[in-house]
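Chain by chain, the residues run as shown.
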Amino acid sequence: MAFSQTLLPEFEEEMKNTRKLLECIPDGKLETQQHPRSITLAQLATHVAQVPGWTKHLLDEEMLDLSPDMKPFVAASRAELLAIFDRGVVEARGRIRAASDEYWQTTWTFKIGGDTVFSMPRAAVMRSTILNHLIHQRAQLALYLRLDDVAIPGMYGPSADEKPLVAAQAI
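Throughout, residues of each chain are indexed from 1 in the direction in which the sequence is written. Under the rules for a predicted model, residues below a pLDDT of 70 receive no local features and side-chain atom pairs below 80 are neither given nor counted, while totals for whole chains, interfaces and linings still include all residues. Water and hydrogen atoms were dropped before computing side-chain values, which therefore reflect all heavy atoms in the structure.

1. A few points about the pairing of strand 2 (residues 107-112)
What counts here: Think of it this way: DSSP has to see at least two bridges between two strands before they count as a pair. Every helix listed is a DSSP run of H or I at least four residues long, and every strand listed is a run of E at least two residues long, numbered separately from the N terminus.
In the sheet, strand 1 (residues 63-66) pairs with strand 2 via four bridges, with the strands oriented parallel. Looking across to strand 2, one finds that Leu66 is bridged to Ile112. Summarising the sheet, strand 2 and strand 3 (residues 115-121) pair through six bridges and their orientation is antiparallel. Considered in strand 3, the bridge of Thr107 is made with Pro121. Linking two consecutive strands that pair antiparallel, namely strand 2 and strand 3, is a turn of two residues; a positive phi of about 60 degrees is found at Gly113 within it.

2. Thoughts on the nonpolar core
Threshold: Nonpolar cores are built from buried Ala, Val, Leu, Ile, Met, Phe, Trp, Tyr and Cys residues. Side-chain atoms within 4.5 Å join them into one set. Categorising residues by exposure relies on relative accessible area from a 1.4 Å probe, with only protein chains included: less than 20% of the type maximum marks a residue as buried, more than 50% marks it as exposed, and the intermediate range marks it as partly exposed. The contact definition used throughout considers only heavy atoms, calling two residues in contact when any of these lie within 4.5 Å.
Phe11, Leu22, Ile25, Trp104, Met126 and Leu141 are the most contacted members of the largest nonpolar core, which has 45 residues in total. Looking at this core element by element, the count peaks at ten residues for helix 6 (residues 122-147). Setting aside chain neighbours within four positions, we find Met126 in contact with Leu7, Phe11, Thr55, Leu58, Ile96, Trp104 and Leu131.

3. Re the sheet that holds strand 3
Worth spelling out the cut-off: Axis lines are fitted through C-alpha atoms, for helices just across the contact stretch, and the angle between N-to-C directions can take any value from 0 to 180 degrees.
The strand order 1-2-3 describes an open sheet built from three strands, whose pairing is mixed. If you trace the sheet from one side to the other, it starts and ends with strand 1 and strand 3, each paired once. Taking the axes of each pair of neighbouring strands and ignoring which way they run, one obtains an average angle of 10 degrees across the sheet. Lying over the sheet, helix 6 contacts strand 2 and strand 3, oriented at roughly 110 degrees with respect to strand 3.

4. Quick word on the packing of aromatic side chains
Our working definition: Here a pair means two rings of Phe, Tyr or Trp (six-membered ring of Trp) with centres within 6.5 Å. Their orientation is stacked below 30 degrees between planes, edge-to-face above 60, and tilted elsewhere.
On inspection of all chains with the given rule, the structure shows four aromatic pairs. Taking the centre distance of 6.5 Å and the plane angle of 5 degrees together, the rings of Trp108 and Phe110 count as stacked. Per residue, the accessibility class of Trp108 equals that of Phe110, and both read buried. Arranged with centres 6.2 Å apart and planes meeting at 50 degrees, the rings of Trp108 and Phe118 form a pair that is tilted.

Written out as structure tokens, the structure is:
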């Protein structure tokens, strides 16, 4: 089976879970900062919303070189976060479907200010820097929301805020 075909079901599941969490973000708490060294809820949520869109850079370009003094965009509302996320997912899905196994094995490079951070096969970047990174950042976002007493949806089963599985089975 082609890599794209094995990747797409996992991609779809993680995008569904990520969107559920982004839908929980309260507009009135976007400037919440859980710790003085932490970024705001809006900054973290924007980062999470943008990760699927990185697939475009991964599959359309040979490398990405970010400026060290780059100022990241920060969304101003849940609606804007969801629009960014949805657009990135649609773009990523099409590119994943179209990529051949041979192309997934070609090297992609990430740089900051001309200095190489890493060079890896595109398939490895998709797994580590896009999917795994998204899951990691999504967990941080869930913690931010939990600390603000926002109900968290389950990702791989019910969450503590949802009807427990055991209770649901007893009905």
